[in-house]
Amino acid sequence: MTIKFGPAGLGPVKTAEEVLENYSKLGLKACEIAFTYGIYIKEKSNALRIGKKAKELGISLSIHAPYYINLNSAEKEKIESSKKRILDCLEVGNLLGAKCVVFHPGFYGKFSKEGTYENIKKQILELEKIRKEKKYSPKLCPETMGKINVFGSAEEISKLSKETGCGFCIDFAHILARDKEVDMNRIVTLFPDKEWHVHFSGIEYGEKGEKNHKKTEEKEMKNLLKGLPSDKEIVIINESPYPMEDSVAGLNIYSKK
Ligand SMILES: [Zn+2]
């Protein structure tokens, strides 16, 4: 098993290479670039430069697509603009050499769970088709979601991956918040793939699932690391309010085993 640890967030384009060097000095081998509030790496040359630096340092890059995505909107325009955002991320991700474009697939809205699944599956199949035509290298990775009224249970994401060939992002904080427990055997059965892209952090939750992300407690990190299957290649992106510190803490626990 190999586990690469890294934070959510790279910060501004200007300082990206320094920040990657700093991550590397700390032993971090992954970084998820947050396009959550917009795709801020606009120049092709910048994407190539940042990608080259990450490669030199052996840092695996991924992208988090904008939050404003709903592949199950009742409005056609909103579906189209959602797909455009994902495709724009794939294009930049391809220049960066990123392995995944993670996104929140959508909301149930007024549709049934089954109807929502079929709608989202259809859009992902279309996105996959374009991804292949354009030879974009990052995988499309819909994420397991933490709120029970949002599409994205572990079962739903697993089924999407099996039926469309897309990748996935397993957010263990979200799974805990949604299901009130993490049954690792169930997750291993749902995601038999060799490579796992994982999100983690501490989390506050209630009846409806996720409330907010919080600092990762040492015992939470230990529990996760103890439970992870030993035959996979795993990237763990920390999404707590202290993603770099918590990634280093995770790495230290992992290295001491
Ligand atoms: Zn996440």
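Read on for a plain summary of the structure. (Residues numbered from 1 in each chain as written. Predicted model: local features only at pLDDT ≥ 70, side-chain atom pairs only at ≥ 80, totals over all residues. Heavy atoms only, no water.)

Core analysis: the biggest nonpolar cluster contains 66 residues, and Leu20, Leu96, Phe172, Trp196, Leu228 and Ile236 have the highest contact counts within it. Considering every element that reaches this core, the biggest residue donor is helix 3 (residues 76-96), with six residues. Sequence-distant contacts of Ile236, that is, excluding residues within four places in its chain, are made with Ile3, Lys4, Phe5, Gly6, Val198, Phe200, Leu224, Leu225 and Leu228. (Core = buried A, V, L, I, M, F, W, Y, C linked by side-chain atoms within 4.5 Å. Buried < 20%, exposed > 50% of the residue type's maximum accessible area, 1.4 Å probe, protein only. Helix = DSSP H or I, 4+ residues; strand = E, 2+ residues; numbered from the N terminus. Contact = heavy atoms within 4.5 Å.)

Take the sheet that holds strand 2 (residues 30-34) next. A sheet is described by the order of its strands in space; here four strands give the open sequence 2-3-4-5, paired in parallel fashion. In this open sheet, the two strands that pair with only one neighbour each are strand 2 and strand 5 (139-142). Between one strand and the next, the sheet's axes are offset by a mean angle of 25°, whatever the strand orientation. As judged from the three bridges shared by strand 3 (residues 60-64) and strand 4 (residues 100-103), these two strands associate in the parallel manner. (Pairing = 2+ DSSP bridges. Axes fitted to C-alpha atoms, helices over the stretch in contact; angles between N-to-C directions.)

Distances from the zinc ion to its protein donors, Glu143 (OE), Asp171 (OD), His199 (ND1) and Glu239 (OE), fall within 2.0 to 2.2 Å. Between the four donor atoms coordinating the zinc ion, the angles at the centre fall across 89 to 161°, so the site counts as irregular. For the zinc ion, all donor residues lie on one chain, and their spacing in sequence is E-x27-D-x27-H-x39-E. Remark: Glu239 occurs in the loop between strand 10 (233-238) and helix 9 (243-256) and Glu143 occurs in the loop between strand 5 and helix 5 (154-164); sequence separation between them is 96 residues. (Donors = N, O, S within 2.8 Å, 3.2 Å for Na, K, Ca; no water. Tetrahedral: all angles 85-135°; square planar, octahedral: opposite > 155°, others 65-115°.)

With that settled, consider the state of the cysteines. On inspection of all chains with the given rule, the structure shows zero disulfides. Looking at Cys31, it has no disulfide partner, and the nearest cysteine sulfur is the one in Cys100, 13 Å off. (Disulfide = S-S within 2.5 Å.)

Within the buried core, Glu239 has no salt-bridge partner, and the shortest N-O distance to an opposite charge, that of Lys147, equals 12 Å. At 3.2 Å, the side chain of Glu239 and the side chain of His199 are in polar contact. In this structure Glu239 touches Ala8, His64, Glu143, Asp171, His199, Phe200, Ser201 and His213, once residues within four positions along its chain are discounted. (Lys, Arg positive; Asp, Glu negative; His and termini not counted. Salt bridge = Lys/Arg side-chain N within 4 Å of Asp/Glu carboxyl O. Polar contact = N/O pair within 3.5 Å; in protein donor to acceptor, adjacent residues only side chain to side chain.)

The relative placement of two packed helices comes down to the angle between their axes together with the axis-to-axis distance. One way to put it is that helix 2 (residues 44-57) packs onto helix 3 with a least axis distance of 7 Å and a crossing angle of 50°. The angle between helix 2 and helix 3 places the two elements in the oblique class. Contacts between helix 2 and helix 3 pair Lys44, Ala47, Leu48, Ile50 and Gly51 from the former with Val92, Leu95 and Leu96 from the latter. A breakdown of the residues in the contact of helix 2 with helix 3 according to their chemical character gives six nonpolar, one polar and one charged. (Parallel < 35°, antiparallel > 145°, perpendicular 65-115°, else oblique. Nonpolar A, V, L, I, M, F, W, Y, C, P; charged D, E, K, R; others polar.)

This part is about helix 3. Taking 1.5 Å per residue as the helical rise, helix 3 with its 21 residues ought to reach 30 Å, and the 30 Å between its terminal C-alpha atoms agrees with that figure. The complete set of buried residues in helix 3 reads Ile79, Ser82, Lys83, Ile86, Leu87, Cys89, Leu90, Val92, Gly93 and Leu96. The inward-facing, buried residues of helix 3 contact strand 2, helix 2, strand 3, strand 4, helix 4 (113-133) and strand 5. Once helix 3 finishes, Gly97 follows within two positions and takes phi at roughly 75°, a positive value. (Expected span 1.5 Å × (residues − 1).)

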